Amino acid sequence: MNELKEHTIHNASRVRQYILSFLKWTLIALVTGAVGGALGAAFRWAINLVTDVRLTNPWLHYLLPVGGLIIAFLYRVTKLSGHADTNLIINSVREEGRVPLLLAPVIFLSTVITHLFGGSAGREGAALQLGGCIGSAIGRAVRLNEKDMHLSVMCGMSGLFSALFGTPLTATVFAMEVISVGVFYYSAFLPCIVSALAAFSITNLFGLEPTAFEVTAYPELSILSILGVAGLGLAAALVSILFCVALEQTHHFAAEYFNNEYLRTAVGGAIIVGLTMILGIRYNGIGGDVIAQAITDGKALPYDFILKMLFTVITIGFGYKGGEIIPTFFIGATMGATLAPLLGLPASFGAAVGVVALFCAVVNCPIASIILSIELFGSRGLIFFAVSLCVSYMLSGYYSLYSGQKIMYSKRRARYINRNAK
């Protein structure tokens, strides 16, 4: 009887612990997602506003070097120069590190400034950093221990990603998958999805539409079409390596030859201004209209993806803030629309495949990429997207947009390698 009583008490205690943990993380995630959704809505509104202002006043493009000086000043005066980026957020999930709350307003303002003056950047870099700051701040406010703080940071990342892209499931899995390739943080599943859904709901209340596209033509399932999407996956892998290496080398070059942060951003801005005078404003800012045209109409210039890569590499490499994912969508969509007809595929469909295949290659997140394909384009072409992702994931090697990312297991065999991404 005593043993039965002790066993019953033990089981009741375990059930109680699970219930309390469930309630704790649900509440924390709801708060994090609500705050992240409100901040994400404000951030999207600000980016849309300054983009409209820039397009209405094209002369603002020529002031990009001035914007660079302001960004350098913000990071210098707040003492965030040199280490405050997305890698800081990724590393904080694995290590005993704190995310400075001051990073949130600085990355917000810096990204808005980049877009106001026509820098070629996205917004997800700011999303992950803002989300990490929110998660870290809320975790400290409720006095979470160090291990739980890691989950709180991931919770914030998923919330902001969901708020900015309107893809809550992708945001959930991306936050769990991007930290350590080959290892899922399943304990973060509940807080991440609750946070992502809460943030998504908040942005809907503000009338912000989720990101989605309509693919106008799909190929028939055949050996030739499978080989065609595999070819797009190979192209995405090669472009991803070029993109990641170019970003890293440009950053090192700018830091070595322009050690002063003010000079560095001014020079980078001047280069972008010169390119804009020659090529026009097609490659400045996010380029959402070009992405949409490539996917819905299958139209892109054959050199679009190369020039967008050039603009983005210089913008990010010389110290402007934003992110690389939206430029990756631009590069992938225009590359796919250009190459698809050569592979016997519809250009619109090729653009969609290019988006998710290149996204997968640069972030090493195949599961999140499969979900992204469904949330952006629907499930009709799922088998094609999966084939392209398999190819781009494996053949892109260990390159990544985020050097703080850990590759835990080999892409070629079932072997534990635990190495940093390139």
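As shown above, the structure is provided for reference.
So, how was this worked out
Residues numbered from 1 in each chain as written. Predicted model: local features only at pLDDT ≥ 70, side-chain atom pairs only at ≥ 80, totals over all residues. Heavy atoms only, no water. 1 Å grid on protein atoms, 1.4 Å probe; cavity = no way out; pocket = protein on both sides within 12 Å on 5 of 7 lines; lining within 4 Å. Points joined across faces, edges and corners; volume = space filled by probe spheres on them. Nonpolar A, V, L, I, M, F, W, Y, C, P; charged D, E, K, R; others polar. Helix = DSSP H or I, 4+ residues; strand = E, 2+ residues; numbered from the N terminus. Buried < 20%, exposed > 50% of the residue type's maximum accessible area, 1.4 Å probe, protein only. Polar contact = N/O pair within 3.5 Å; in protein donor to acceptor, adjacent residues only side chain to side chain. Contact = heavy atoms within 4.5 Å. Pairing = 2+ DSSP bridges. Salt bridge = Lys/Arg side-chain N within 4 Å of Asp/Glu carboxyl O. Disulfide = S-S within 2.5 Å. Phe/Tyr/Trp six-rings, centres within 6.5 Å; stacked < 30°, edge-to-face > 60°. Lys NZ or Arg CZ within 6 Å of the ring centre and 35° of its normal.

1. Digging into the layout of surface pockets
Step number 1: Approximately 560 Å³ is the volume attributed to the second largest pocket.
Step number 2: Taken together, 26 residues line the second largest pocket, and the ones lying closest to its centre are Arg123, Ile286, Gly287, Gly288 and Asp289.
Step number 3: Partitioning the lining of the second largest pocket into residue classes produces 13 nonpolar, seven polar and six charged.

2. Side note on the side chain of Ser348
Step number 1: As for its position among the elements, Ser348 is in helix α14 (residues 347-363).
Step number 2: Its relative accessible area of 3% is what places Ser348 among the buried residues.
Step number 3: Only 2.2 Å separates the side chain of Ser348 from the backbone oxygen of Ile295, close enough to count as a polar contact.
Step number 4: In contact with Ser348, other than residues within four places in its own chain, are Val215, Thr216, Ala217, Ala294, Ile295, Thr296 and Gly298.

3. Some points on the sheet that holds strand β3 (residues 416-420)
Step number 1: Spatially, three strands are ordered β1-β2-β3 in an open sheet, and the strand pairing comes out mixed. Lying at the two open borders of the sheet, with one neighbouring strand each, are β1 (180-181) and β3.
Step number 2: In this structure, β1 lies alongside strand β2 (residues 406-409), joined through two bridges in parallel fashion. Counterpart to Ser180 in the pairing with β2 is Lys406.

4. A closer look at helix α7 (residues 168-177)
Step number 1: Counted residue by residue, α7 has nine buried out of ten residues, so it is predominantly covered.
Step number 2: Of all the positions in α7, only Pro168, Thr170, Ala171, Thr172, Val173, Phe174, Ala175, Met176 and Glu177 are classed as buried.
Step number 3: Buried residues belonging to α7 abut α5 (124-141), α6 (146-165), β1, α8 (189-205), α14 and α15 (366-377).

5. Some points on the pattern of salt bridges
Step number 1: Applying the stated criterion to the full structure yields three salt bridges.
Step number 2: In this structure, Glu261 and Arg76 form a salt bridge, with 3.4 Å as the shortest nitrogen-oxygen distance. Of this pair, Glu261 sits in helix α10 (residues 261-279) while Arg76 is found in helix α2 (residues 64-77), placing the two residues 185 residues apart along the sequence.
Step number 3: Put simply, Arg282 and Asp304 hold a salt bridge, and the shortest N to O gap is 2.8 Å. Placement of Arg282 in the loop between α10 and α11 (288-297) and of Asp304 in helix α12 (residues 304-317) is noted, with a sequence separation of 22 residues between them.

6. Things to note about the state of the cysteines
Step number 1: Within the structure shown, the criterion is met by zero disulfides.
Step number 2: Of all cysteine sulfurs in the structure, the one in Cys365 sits closest to Cys360, which takes part in no disulfide; the separation is 7.6 Å.
Step number 3: A relative accessible area of 0% means that Cys360 is categorised as buried.

7. Let's talk about the pairing of β3
Step number 1: Examined bridge by bridge, β2 and β3 share three bridges and lie antiparallel to one another. Of the residues in β3, the one forming a bridge with Ile407 is Arg419.
Step number 2: Where β2 folds back onto β3 in an antiparallel hairpin, the turn is made up of six residues.

8. A short note on the packing of aromatic side chains
Step number 1: For the coordinates displayed, the defined rule picks out 18 aromatic pairs.
Step number 2: The interplanar angle of 45° and the centroid separation of 6.1 Å between the aromatic rings of Phe258 and Phe318 together place this pair among those described as tilted. Separated by 60 residues along the polypeptide, Phe258 in the loop between α9 (223-257) and α10 and Phe318 in the loop between α12 and α13 (325-339) bring together distant segments of the chain. You'll find Phe258 and Phe318 in the same group, each marked buried.
Step number 3: Summarising the aromatic geometry, the rings of Tyr409 and Tyr416 are spaced 5.5 Å apart at their centres and angled 70° between planes, so their arrangement reads as edge-to-face.
Step number 4: With relative accessibility at 38%, the residue Tyr409 sits in the partly exposed group.
Step number 5: Here the basic side chain of Lys321 rests over the ring of Tyr75, its NZ or CZ set 4.6 Å away from the ring centre.
Step number 6: In this structure, Lys411 packs its charged tip against the face of Tyr393, placed 4.3 Å from the ring centre.

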